[in-house]
Amino acid sequence: MAKIIKVRCNGAGKCVNEFTDKELEKYSRPTIVVRGQPKNTVPERLVIPCKHCTEGKVIITRKMIEEM
Ligand SMILES: [Zn+2]
């Protein structure tokens, strides 16, 4: 089962956005290969445009992703 994180945007509507772990992977930094081991680096903070309104942004911290 995919993990889902629910985060409200900071717009007036405070829309609830749902992101799966797969979706969040797309926002992670490009894969860096370290000693043959691919390593996906999650940025400290992701700012993603709201899916439901034009003004809001959704802010997801690395901590939130790690706690999914
Ligand atoms: Zn919104």
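Our structure is the block above this text.
Residues numbered from 1 in each chain as written. Predicted model: local features only at pLDDT ≥ 70, side-chain atom pairs only at ≥ 80, totals over all residues.

Q: I keep staring at the overall build of the chain and nothing clicks. Help me out?
A: Of regular secondary structure, the chain possesses two helices and six strands. In the chain, the succession of helices and strands from N to C terminus is β-β-α-β-β-β-β-α. The burial tally for the chain puts 9% of its 68 residues in the buried class. Intrachain contacts of the chain at a sequence separation of at least 6 include 40% that bridge at least 24 residues. (Helix = DSSP H or I, 4+ residues; strand = E, 2+ residues; numbered from the N terminus. Buried ≥ 20, exposed ≤ 12 C-beta atoms within 10 Å, placed from the backbone. Contact = placed C-beta atoms within 7 Å.)

Q: Whenever I open this one, the environment of V7 confuses me. Can you help?
A: Its location among the elements puts V7 in strand 1 (residues 4–8). Sequence spacing of V7 and I59 is 52 residues, and the spatial spacing of their C-alpha atoms is 7.8 Å.

Q: Just to check I follow, could you spell out the environment of R62 for this structure?
A: Structurally, R62 is set in helix 2 (residues 62–66). On the basis of neighbour counts, which here come to 14 C-beta atoms within 10 Å, the residue R62 falls in the partly exposed class. Sequence spacing of R62 and P43 is 19 residues, and the spatial spacing of their C-alpha atoms is 6.4 Å.

Q: Which parts of the structure should I look at to understand unusual backbone geometry?
A: Comment: phi is negative for the bulk of residues other than glycine, and the bulk of peptide bonds are trans. Phi at K14 takes a positive value of approximately 45°, unusual for a residue other than glycine. Looking at the secondary structure, you find K14 in the loop between strand 1 and strand 2 (16–20). On the basis of neighbour counts, which here come to 12 C-beta atoms within 10 Å, the residue K14 falls in the exposed class.

Q: Even after reading the chapter, I still don't get the environment of I60, so can you show me in this structure?
A: Its location among the elements puts I60 in strand 6 (residues 57–61). Once the C-alpha coordinates of I60 and C9 are considered, the two residues, 51 residues apart in sequence, prove to be 9.9 Å apart. Those residues in contact with I60, other than ones at most four positions away along the chain, are I5, V7, L46, I48 and I65.

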